[in-house]
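# Structure at a glance
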Amino acid sequence: MKLSELVAHIPGNLPAALAGCEVSGMTSDSRKVVPGSVFVCIAGTAADGHDYAASALEKGALAVVCEQDLGLSCQILVPDTHAAYSRMAANWYGNPSRRLRLIGVTGTKGKSTVSYLIKQILVAAGKKVGLIGTIQNEIGDKILPADKTTPDALELEALFAEMVKTGCEYCVMEVSSHALDQNRIGDAHYEAAVFTNLSHEHLDYHGTMEAYYQAKKKLFAVCDTAVVNMDDSWGQRLAGEISCPVLGFSMEGRGELNAFEVSHHVDAVDFRYAYRGVESRIHFGMPGNFSVKNALAAMGACLALGVCLNTIAGTLSVVAGARGRNEILPTGMDFTVISDYAHSPDAMENILSALKETVKGRLVALFGCGGDRDRTKRPLMGEAAAKWADYVYVTSDNPRTEDPEAIIAEILPGVEGHGTPYEVIVNRREAIFRAIDTALPGDTIVLCGKGHEDYQIIGHEKFHFDEREIVAEAVAARKAKEA
């Protein structure tokens, strides 16, 4: 590919002498520069790529794309390197998103579950579908690991290209606020975009809820139909501010697609739905009101895509949940263990309040808070746990570079004062063993925060840590002790 083709449709001053040069690749990581490649200077939270332009040239970079005039003869000066990088990535792979029907899902909670459900419905409708998200990336039946909710622009375009190559017609993707703020999705256009909700999260990055909302809102400027949770105040505001058609969903009669007559069970929920004069009932195998809203969000997206309502409802009635999202882990004993990714105050309150209505014994919450992340939510998470659970284990999540005991110290003010009994066990594995060893008949233990993750980050290292394995070991140890 010639440099002129790589930077096509990017406002900038391409040096005439370089326009016809062949490009060997592109990157925003100076460590990955190879001779003949183009280096894009992006300012991140930890480092500024402009500081590495000289290093990139020493490694043989053909050109440097930058926002600041670096005084280089081979520089391409652009207004926004984030936008330029995304456009270049699309050019590099031949603009593959234009040959896919894209569905974007954004919001604080529910993105992974809703994306997963949409994919399952489309597959049931006979479509080949790709998925990009927090848990994993999928190209048809092929599973690929995921490091971010929404990948780096170059990786994203590579995934799009592979989907097109293997015959995918649709791509369902989680779209994070970070990706929208950093213009990682480029100029991709979405046939349908879903807004699940907005609550306290990522304020360490965005600063305010308003900035967080404005980042999310960007997705709805590049979609044909917005599928919006009308029971969320931010969703109501969004529906009134965007220009595209809105398909609202609600449990309070506010939408075009509504749920009512909800019956709760410890492992499922039953509800009736109504859409354009059609009413029916669904048994959905994930508990809680939030699961009803996730199901409605997936229904709305697929209706916007023209999928038959019978196919949608039939699939939701038999589909299993996404990994680490309200996932029941097998124990073979007289208590229940659930793994959930809940790592915000609102998410914890949602799952615990939903389960509180159905548990036969005690509701036991086990959780921690991530290090190097928003500290203001720590006591709020403690408060949510103590408010709804009958017993609480405060432990570690991914402490990263923070002292785990210092994190817990910031959680405890929220736990204390509710009268809810609790224990502090810093080692998460030991906490899980303790919770299972002391479980009583009918108890439900909710492991909050890790969900699909099979690792724990301590310091700068990532260690294998799969709660499914740990639960199995803890159950085996208890059975051996009781034998």
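### A look at the overall build of the chain
- For the chain, the count of helices and strands is 16 helices and 23 strands.
- Its C-alpha radius of gyration of 24 Å places the chain within 12% of the 23 Å reference for a compact globule of 483 residues.
- Judged by the C-alpha coordinates and their principal axes, the chain covers about 75 × 55 × 40 Å.
- Relative to its 483 residues, the chain shows a buried fraction of 55%.
- Look at the contacts in the chain between residues 6 or more apart in sequence, and 64% of them connect residues 24 or more apart.

### Digging into the sheet that holds strand β3 (residues 63-66)
- Here we have four strands laid out as an open sheet, ordered β1-β2-β3-β4, and parallel in their pairing. Edge positions in the sheet fall to β1 (25-27) and β4 (75-77), since each of these pairs with one other strand and no more. Neighbour-to-neighbour, the strand axes of this sheet turn through a mean angle of 20°, independent of strand direction.
- As judged from the three bridges shared by strand β2 (residues 37-40) and β3, these two strands associate in the parallel manner. Paired with Phe 39 across the strands is Val 64, a residue of β3.
- The strands touched by helix α3 (residues 81-92) are β1, β2 and β3; relative to β1, the strand with the most contacts, the crossing angle is about 150°.

### Some details on the pattern of salt bridges
- Counting across every chain of the model gives 31 salt bridges.
- A salt bridge links Arg 237 to Glu 210; its shortest N-O distance comes to 2.8 Å. Of this pair, Arg 237 sits in helix α9 (residues 233-241) while Glu 210 sits in helix α8 (residues 209-217), and the two are 27 residues apart along the sequence.
- A residue is classified by how much of its surface remains accessible, and Arg 237, at 28% relative accessible area, is partly exposed.

### Considering the nonpolar core
- Core analysis: the biggest nonpolar cluster contains 43 residues, and Ile 103, Ile 118, Leu 122, Phe 271, Phe 284, Met 299 and Leu 316 have the highest contact counts within it.
- Among the elements that line this core, the one with the most residues is helix α10 (residues 289-304), at nine residues.
- Discounting chain neighbours no more than four positions away, the residues touching Phe 271 are Ala 259, Phe 260, Glu 261, Val 262, Ser 280, Arg 281, Ile 282, Phe 284, Val 292, Ala 295 and Leu 296.
- Formed by 32 residues, the second largest nonpolar core is a distinct cluster that contains Ile 185, Phe 195, Ala 226 and Trp 234.

### Things to note about the environment of Val 33
- The topology assignment puts Val 33 in the loop between β1 and β2.
- Since its relative accessible area comes to 7%, Val 33 is described here as buried.

### Re the packing of aromatic side chains
- Summed over all chains, the structure comprises three aromatic pairs.
- Here Tyr 391 and Tyr 393 contribute two aromatic rings whose centre-to-centre distance is 5.2 Å and whose plane-to-plane angle is 55°, an arrangement assigned as tilted.
- Owing to a relative accessible area of 16%, Tyr 391 belongs among the buried residues under this scheme.
- For Tyr 393, a relative accessible area of 3% translates into the label buried.

### Some thoughts on the environment of Arg 400
- Along the chain, Arg 400 falls in the loop between β19 (391-394) and α14 (404-415).
- Through-space distance from the C-alpha of Arg 400 to that of Arg 276 is 49 Å; in sequence the pair is 124 residues apart.
- In contact with Arg 400, other than residues within four places in its own chain, are Gly 370, Gly 371, Asp 372, Arg 373, Ile 457, Ile 458 and Gly 459.

### Let's talk about the packing of α10 against helix α11 (residues 309-318)
- For the pair α10 and α11, the least separation of the axes is 10 Å and the interaxial angle reads 150°. Of the possible angle classes, the one that applies to α10 and α11 is roughly antiparallel. Considering how the two elements wind past one another, α10 and α11 form a crossing that is right-handed. When α10 is examined against α11, the residues Ala 295, Met 299, Cys 302 and Leu 303 are found in contact with a partner set consisting of Leu 309, Ile 312 and Leu 316.

### Brief notes about unusual backbone geometry
- Backbone geometry places Arg 276, a non-glycine residue, at a positive phi of 50°.
- Examined against the element boundaries, Arg 276 turns out to sit in the loop between β14 (269-275) and β15 (278-284).
- Here Asn 326, not a glycine, exhibits a phi torsion of approximately 55°, which is positive.
- Along the polypeptide, Asn 326 turns up in the loop between α11 and β16 (327-329).

### Some words on the sheet that holds strand β10 (residues 190-195)
- Read across the sheet, 11 strands follow the order β8-β7-β6-β9-β5-β10-β11-β12-β13-β14-β15 without closing on themselves; strand pairing throughout is mixed. In this open sheet, the two strands that pair with only one neighbour each are β8 (142-144) and β15. Taking each pair of neighbouring strands and ignoring which way they run, the sheet shows an average axis angle of 20°.
- Sheet topology note: the strand β5 (residues 101-106)/strand β9 (residues 170-174) ladder contains five bridges and is parallel. Residue pairing for β9: Leu 102 is matched across the bridge by Cys 171.

### Structural notes on the pairing of strand β23 (residues 461-464)
- By the bridge criterion, four bridges tie strand β22 (residues 455-458) to β23 in an arrangement that is antiparallel. Looking across to β23, one finds that Ile 458 is bridged to Glu 461.
- Connecting the antiparallel pair β22 and β23 is a turn made up of two residues, with Gly 459 showing a positive phi of about 65°.

### Here's the deal with the environment of Gly 12
- Within the secondary structure, Gly 12 sits in the loop between α1 (3-6) and β1.
- Every residue in contact with Gly 12, bar those within four places of it in the chain, is listed here: Leu 77 and Val 78.

What counts, and at which threshold
- Residues numbered from 1 in each chain as written.
- Predicted model: local features only at pLDDT ≥ 70, side-chain atom pairs only at ≥ 80, totals over all residues.
- Heavy atoms only, no water.
- Helix = DSSP H or I, 4+ residues; strand = E, 2+ residues; numbered from the N terminus.
- Rg over C-alpha atoms; globule rule 2.2 N^0.38 Å.
- Buried < 20%, exposed > 50% of the residue type's maximum accessible area, 1.4 Å probe, protein only.
- Contact = heavy atoms within 4.5 Å.
- Pairing = 2+ DSSP bridges.
- Axes fitted to C-alpha atoms, helices over the stretch in contact; angles between N-to-C directions.
- Salt bridge = Lys/Arg side-chain N within 4 Å of Asp/Glu carboxyl O.
- Core = buried A, V, L, I, M, F, W, Y, C linked by side-chain atoms within 4.5 Å.
- Phe/Tyr/Trp six-rings, centres within 6.5 Å; stacked < 30°, edge-to-face > 60°.
- Parallel < 35°, antiparallel > 145°, perpendicular 65-115°, else oblique.
- Left-handed = near helix turned anticlockwise from the far one by under 90°.

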